[in-house]
Amino acid sequence: MITPPKAETEAEAEDARADEGAPSRSAEEWSANRDGRPTATSPLADVKPAYFYPMPSTSQQPAREDDLPGVPVFEPTIEQFSDFYAFCQAIDTWGMQSGIVKIVPPQAWIDALPTLLPAAKHEGADLRAIRIKQAITQHFLSAGPGRWKQTNVTRSKPLDAKQWADICKDAQHRGPAMSRIQRQVATSRAAEQAHAHSRLYRTTKTEAPEVSTDTPRKLTRSGGQGLARPVSHPRKRRGPPVTKDEDWAQFDYRASWLDEALTDAEKAAGVPMSPAAWDTETCRAIEAEYWRTLNLGAPPMYGADQQGTLFDARTTQWNVGTLDSLLSRTFDCALPGVTTPYLYFGMWRASFAWHVEDMDLYSINYIHFGAPKQWYAIRQADRKRFESVMAASFPTDARKCSHFLRHKSFLVSPSFLQSQGITPLRLVQHANEFVITYPYGYHAGFNLGFNCAESVNFALPTWIDIGRQADYCRCSLAQESVHIDMEAWWPTQPTAQAPALPPRTSPTERRPPSIPPPSALYPCVFCPRTTSDALVPLPEAVGTQLAHAAASKKSLEASAQPWHAHQLCACFLPECWVEHAGTLSSMVQGAETIDRARWALKCQVCGPASKTARHGCKIQCTKGKCPRAVHVSCALDEESGWFIDLCATDVADRLEGVATASSTADERLVVLCRAHNPLRLEAEAAKREAAWAEKICALPCPGPIHIKTQGAVWTTTLRSIDTATKEVVIDAARSDYTTPPLRVPWSRVCMQDAAVRAIEHEYERTHQPITKKRRVHCAVDVPAAEPEQAAT
């Protein structure tokens, strides 16, 4: 049995002092209203995980003493479950190792929950009153093997829970058929048994699982299983904005999601489905289906961050809407999502990307009803290594913002993390179960179908020191980043209202050991950028060796000692890499093997005449024999026009315009200068197209327009503009209005000066012949004029 580490005496004393840190309460009030750590006689004194997910027993010991074999799962008794604040303090040492825990409430608490569709409307929590406003459509763009960038598009049409459930059942949004997943699990299980038998030299015959062939089936692009013959569904008409009462009466919100796992034929046959079918092996098979079909089919929708709660006053224990925590005891104001809960309506493949909570707070998530939720978590011990891997996987975004993971836009698969030496923890959360995430614990996941979850942040007294050191995202891509002024709420100086707290560490003491103090010299030996973000030290022996070489001596002399390098610079130089010696220490390796020519190259972005052009190491464009060179940090600057990234082999071949020979590497570094960067050329072409479209759309309808045809300019009348086909609809002839209008590409439109357009507008208004003097400036079809006017 694994036991949590014992807290030291000083740490316990600091926690006791931190518990008394609310400035709005006196020390006596705080002590009277807070729950301390469990005593020896408390029912929480011996609380331990029932098992570690996904293992049903605790017999397996971890590989390291400070490691856990899986996610701790607690099954408290009704007595242990009675006090949320005390229970969270009792299990805090477990969560601060795994980053995430699951809590299965007692069955008595679940049975006492009131229904969410009461007979009388607005009698307590009512699901009919909830509106999903501004749901998001999630688009996943591949950024390499096992990596995706998530983009959200907001929908303006509000929906209720019944309408959301109907969307989840649609063929393009529902998940894979359970019958197919179970066949895959049975086949895999049979293969494992056959392998075990073969190793034991047994000759017993293993029967293959029976596969029903009553109805021919196919695998759709969205991962679901449908009929082999296409079935045409009539287009549904838009229903009323609110579901009718008779529809609510027939809506079973607890079991509605089970229909998503049935095919159309199984629904017609009345095949039963039970939540027990989503066992550990089945969820692992569904997880593999998710990563295989992530960017295929229709994009999923997610009703995330909806203010509200589905708890009411009848639930007194573990009521997410009124949780007892350090934040609720301190703040009188409501912070949406932090002190007041959010509702989350999910569907198949609706995902939440890798992130940590704002201000490194705790969070609690509860599923009211519906399909399970798949979680991934990173142990706090692997946090620094995980941040390094993510920064190297998304270098452009990491360069723009040091807190880019707080944007909640980046997904990586567990197999990708495993290849980088990081083993993420897995967890499946079912309905009526709680999941708690902890400070420094990165987490991500997705939903397996229609469900509704409720989440809110909270804090324990031990979080105060963590919150003082927490930072937040300040860029424009932050999703409503929350920042708490710790000094205002928990001051370090003792007052009559607030007891003394542990002294706050200075910024110099909080600086990681890998970042040197500010200096007027270059902080990085590889580039001239003066930012000190993500600096990794070089071995002292390697730095001394480079200082004796003529090619690198000047760069090291112009850099601050001890010598450091930007993490991204070291990762993208072909000869270097970052080695993680421990959980918090890293070191740049391979610097002594850098080609001397790299130190002598000039950076094209800095400019040949710039003093910084020769500093550090440069990388060259990989397009053919292009000699242009650049600093890694300069190439990562979006305004430079350069492209640098680790790309899959086929993507790299397409970008570089070459077909490489057979290689065992799955990806390679691609560096393209401004002249050879196809993404920049496409972006500039799209920008020119957008500017041209803006000019076209600004033309008056109806109004005069110039069309280029056969080396001449023809002036006619513009009737309409079709932005979908990029065409303009014009009059075919001036004298024959029975001729249907013409459609010509708007690339043939000729923009002329305002004076000419004014003359043509006058002709359209008066329908008078244009004189020869005017006809010099425009070629227009005019009606027959009088003889003397025609002669002139």
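- The name given to the protein in an unreviewed UniProt entry is [Histone H3]-trimethyl-L-lysine(9) demethylase, and the organism recorded there is Malassezia pachydermatis.

**Description of the overall build of the protein**
Argument step 1. Scanning the protein from N- to C-terminus turns up 27 helices and 29 strands.
Argument step 2. Looking at the protein as a whole, 46% of its 792 residues qualify as buried.
Argument step 3. As displayed, the protein offers around 39,900 Å² of accessible surface, 52% of which is attributable to carbon and sulfur atoms.

**Here we look at the sheet that holds strand 10 (residues 351-355)**
Argument step 1. Strand order in the open sheet formed by four strands is 10-16-12-14, with antiparallel pairing between adjacent strands. Looking along the sheet, the strands with just one partner apiece sit at the ends: strand 10 and strand 14 (425-429). For this sheet, the mean angle separating the axes of adjacent strands, direction not counted, is 15 degrees.
Argument step 2. The pairing of strand 12 (residues 373-377) with strand 14 spans five bridges and is classified as antiparallel. Across the sheet, Trp375 pairs through a bridge with Leu427, a residue of strand 14.
Argument step 3. Of the strands in this sheet, strand 10, strand 12, strand 14 and strand 16 (443-447) are in contact with helix 10 (residues 280-292), which crosses strand 12 at around 80 degrees.

**Some points on the packing of aromatic side chains**
Argument step 1. Taken as a whole and assessed by the stated rule, the structure comprises 35 aromatic pairs.
Argument step 2. Between the aromatic rings of Phe84 and Phe458, the centroid separation amounts to 5.2 Å while the plane-to-plane angle is 70 degrees, which identifies the pairing as edge-to-face. With a gap of 374 residues between them, Phe84 in helix 3 (residues 84-90) and Phe458 in strand 17 (residues 451-458) connect regions that are remote in the sequence. Pair check on accessibility: Phe84 and Phe458 agree, each one buried.
Argument step 3. Judged by centre distance (5.7 Å) and plane angle (80 degrees), the ring pair of Trp463 and Trp490 falls under edge-to-face. Residue Trp463 is found in helix 15 (residues 463-469), and its partner Trp490 is found in the loop between helix 16 (486-489) and helix 17 (507-510); the two are separated by 27 residues along the sequence.
Argument step 4. Given a relative accessible area of 0%, Trp463 falls into the buried group.
Argument step 5. On the basis of relative accessibility, which here comes to 0%, the residue Trp490 falls in the buried class.

**Topic: the packing of helix 18 (residues 540-547) against helix 19 (residues 550-557)**
Argument step 1. Remark: helix 18 packs on helix 19, axes separated minimally by 7 Å, with the N-to-C direction vectors making an angle of 115 degrees. Residue-level inspection shows Gly543, Leu546 and Ala547 of helix 18 in contact with helix 19, the latter providing Ser552, Lys553 and Leu556.
Argument step 2. A class-by-class count of the residues in the contact of helix 18 with helix 19 yields three nonpolar, two polar and one charged.

**Notes on empty space enclosed by the protein**
Argument step 1. In the structure shown here, the tally under the stated rule is four cavities of 30 Å³ or more.
Argument step 2. Estimated volume of the largest cavity: approximately 110 Å³.
Argument step 3. Looking at the largest cavity, the residues that line it are Gly175, Pro176, Met178, Trp257, Glu260, Ala261, Trp278, Ile286, Trp348, Ala371, Leu448 and Gly449.
Argument step 4. In terms of residue class, the lining of the largest cavity is made up of nine nonpolar, two polar and one charged.

**Looking at helix 24 (residues 678-697)**
Argument step 1. For helix 24, with 20 residues, the first-to-last C-alpha span of 28 Å sits near the 28 Å given by 1.5 Å per residue.
Argument step 2. Residues of helix 24 that are buried: Arg680, Ala693 and Ile696.
Argument step 3. Contacts from the buried residues of helix 24 go to strand 27 (712-722) and strand 28 (727-730).
Argument step 4. The opening residue of helix 24, the one whose side-chain oxygen lies 3.1 Å from the backbone nitrogen of Leu679, is Asn677.

Thresholds, definitions, all that
Residues numbered from 1 in each chain as written. Predicted model: local features only at pLDDT ≥ 70, side-chain atom pairs only at ≥ 80, totals over all residues. Heavy atoms only, no water. Helix = DSSP H or I, 4+ residues; strand = E, 2+ residues; numbered from the N terminus. Buried < 20%, exposed > 50% of the residue type's maximum accessible area, 1.4 Å probe, protein only. Areas by Shrake-Rupley, 256 points an atom, 1.4 Å probe, with all protein chains shown as cover. Pairing = 2+ DSSP bridges. Axes fitted to C-alpha atoms, helices over the stretch in contact; angles between N-to-C directions. Contact = heavy atoms within 4.5 Å. Phe/Tyr/Trp six-rings, centres within 6.5 Å; stacked < 30°, edge-to-face > 60°. Nonpolar A, V, L, I, M, F, W, Y, C, P; charged D, E, K, R; others polar. 1 Å grid on protein atoms, 1.4 Å probe; cavity = no way out; pocket = protein on both sides within 12 Å on 5 of 7 lines; lining within 4 Å. Points joined across faces, edges and corners; volume = space filled by probe spheres on them. Expected span 1.5 Å × (residues − 1). Polar contact = N/O pair within 3.5 Å; in protein donor to acceptor, adjacent residues only side chain to side chain.

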